Amino acid sequence: MKTECISLEVGESHPAYQWAKRQSDSVGAFGHIGTHIDCYERSPDASRYEVDAVVIDCTQGMPEAGALAGLDLQGRALVLYTANVERNGYGAPAYGKMLTCLEERVLEQLLEMGPAFILVDSYGIGLHGEQHIAFDKKCEASGCFVIENVFLNREICAGLISLSISIDMASLSTGKRCEVIALYR
């Protein structure tokens, strides 16, 4: 078995760090860069989780409703491997332009399956702006939380077994930094 931290750390020289620094609400902005969980109306009950993982390869496109049949997601982490970070680099223009959004009916079907977390190696599961926030809130209302901007690659995803997730619950931002450790074969 192997373990690897799949969280993205953003140093002071990174463009995302510089962007956050320039914002009028820099505390809030810093919470939304790198690997984080958005908590707009509700936060997870604990700051640490150990969860089994289920991976969907999204490198050829995001899943459609039919692709979800038979998945056991109850209490698990659903990992959406888009290869966005791997191909485009976090924060690059191509990273923000890659479409890694779920259709609303697919999200609703996923939430009915009861995952504890949805992780994505991209900026989120909804389009930038209002849909992004609305999808995160819909997940929160179902007791599921979205962790954005994790680093995934084919080797990790092919053998992923479980995740250890630590959340900075003390953060005053709606974006709470996370450390995510992958256990894989």
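Right above here is the structure, for reference.
Peer 1: Explanation requested: the overall build of the chain in the structure shown.
Peer 2: Of regular secondary structure, the chain possesses 7 helices and 8 strands. Relative to its length of 185 residues, the chain is compact, with a C-alpha radius of gyration of 15 Å against a globular reference of 16 Å. Judged by the C-alpha coordinates and their principal axes, the chain covers about 45 × 30 × 30 Å. Counting only residues that meet the buried cut, the chain has 51% of its 185 residues in that class. For the chain, the share of sequence-separated contacts (at least 6 apart) that also reach a separation of at least 24 residues comes to 76%. Total accessible area computed for the chain in this model is approximately 8,700 Å², and 50% of it derives from carbon and sulfur atoms.

Peer 1: Where do I start with the nonpolar core in this structure?
Peer 2: Buried together is how nonpolar side chains tend to be arranged in soluble globular proteins. Residues F117, L119, I147, L163 and V180 are the most contacted members of the largest nonpolar core, which totals 26 residues. Looking at this core, the elements that each hand over two or more residues are β3 (48–57), β4 (77–81), β5 (117–120), β6 (145–148), α7 (154–159), β7 (160–167) and β8 (175–184). Those residues in contact with L119 that sit more than four places away from it in its chain are A77, L78, V79, L80, I147, V150, L163 and V180. The next biggest cluster of nonpolar side chains, apart from the first, holds 22 residues, and it includes C58, L80, V106 and L110.

Peer 1: Explain the side chain of T82 here, please?
Peer 2: With respect to the element layout, T82 can be found in the loop between β4 and α3 (84–88). Reaching out from T82, the side chain makes a polar contact with the backbone nitrogen of N84 at a distance of 3.1 Å. Those residues in contact with T82, other than ones at most four positions away along the chain, are C58, T59, M62, R87, M98, T100, V120, D121 and S122.

Peer 1: What is the right way to read the layout of surface pockets from this model?
Peer 2: With a probe scaled to a water molecule rolled over the atoms, the places where space remains empty come into view. Size it by volume and the largest pocket reaches roughly 510 Å³. Taken together, 20 residues line the largest pocket, and the ones lying closest to its centre are W19, H32, Y90, Y123 and H128. When contributions to the lining of the largest pocket are tallied by element, the ones reaching two or more residues are α1 (15–22), β2 (36–38), α4 (93–97) and α6 (130–141). Taken together, the residues that form the lining of the largest pocket break down as 10 nonpolar, 8 polar and 2 charged.

Peer 1: Help me understand α1, please; the structure alone is not making it clear to me.
Peer 2: Listed as buried for α1 are A16, Y17 and A20. End-on view of α1: buried residues confined to an arc of 100 degrees, all on one side of the axis. Those residues of α1 that are exposed and angled more than 90 degrees off the buried face are P15, K21 and R22.

Peer 1: Looking at this structure, I do not really get helix α5 (residues 104–112). What am I missing?
Peer 2: What sets the pattern is the α-helix's 3.6 residues per turn: residues three or four places apart point alike. Among the residues of α5, V106, L107, L110 and L111 are the ones counted as buried. With its buried residues spanning 135 degrees around the axis, α5 presents them on a single face. Residues R105 and E112 are exposed on α5 and point more than 90 degrees away from its buried face. For α5, the secondary structure elements touched by its buried residues are β4, β5 and α6.

Peer 1: Would you take a moment to explain the pattern of salt bridges for this structure?
Peer 2: Here the idea is simple: oppositely charged side chains can pair when their charged atoms come close. Enumeration according to the criterion identifies 8 salt bridges in this entry. Across the pair E50 and R48 runs a salt bridge whose closest N-O atoms are separated by 3.6 Å. In this structure E50 comes out as exposed when scored by relative accessible area, which is 59%. On the basis of relative accessibility, which here comes to 52%, the residue R48 falls in the exposed class. A salt bridge links D72 to R76; the nearest nitrogen and oxygen atoms lie 2.7 Å apart. Residue D72 is classed as partly exposed on the basis of its relative accessible area, which comes to 44%. For R76, a relative accessible area of 23% translates into the label partly exposed. Taken together, the shared-partner salt bridges connect E104, E108 and K138 into one network.

Rules of the game
- Think of each chain on its own: its residues are numbered from 1, step by step along the sequence as written.
- Per-residue local features are limited, in this predicted model, to residues with pLDDT of at least 70; the limit for side-chain atom pairs, both in listing and counting, is 80 or more; totals at the level of whole chains, interfaces and linings are taken over all residues.
- Excluded from the side-chain calculations are hydrogens and water; all other atoms, namely the structure's heavy atoms, are used.
- Working definition: helices are DSSP H or I runs of at least four residues, strands are E runs of at least two. Numbering for both runs from the N terminus.
- Here the globule rule reads 2.2 Å times residues to the power 0.38, and the radius of gyration is calculated from C-alpha atoms.
- Partly exposed describes any residue whose relative accessible area lies between the buried limit of under 20% and the exposed limit of over 50%, with all areas from a 1.4 Å probe on protein chains only and scaled to the type maximum.
- Any two residues whose heavy atoms approach within 4.5 Å at even a single point are treated as in contact.
- For the accessible areas, the method is Shrake-Rupley and the probe is 1.4 Å, while residue cover comes only from the protein chains on display.
- Each nonpolar core is a collection of buried residues, namely Ala, Val, Leu, Ile, Met, Phe, Trp, Tyr and Cys, held together in the definition by side-chain atoms within 4.5 Å.
- Throughout this description, a polar contact denotes any pair of N or O atoms lying within 3.5 Å of each other; where both atoms belong to protein, one of them has to be capable of donating a hydrogen while the other can accept it, and for residues adjacent in sequence the pair is counted only when both atoms sit in side chains.
- In this analysis, the protein atoms alone were mapped onto a 1 Å grid. Cavities are point sets where a 1.4 Å probe fits without being able to get out; pockets are open sets with protein on both sides within 12 Å along at least five of seven lines; lining residues have an atom within 4 Å of a point.
- Grid points are joined across faces, edges and corners, and a volume is the space filled by probe spheres set on the points.
- Following the grouping adopted for this structure description, the nonpolar residues are Ala, Val, Leu, Ile, Met, Phe, Trp, Tyr, Cys and Pro, the charged ones are Asp, Glu, Lys and Arg, and the polar ones are all others, Gly among them.
- The arc under discussion is defined with respect to the helix axis, by the directions toward the C-beta atoms.
- By convention in these notes, a salt bridge is any Lys or Arg side-chain nitrogen within 4 Å of a carboxyl oxygen on Asp or Glu.

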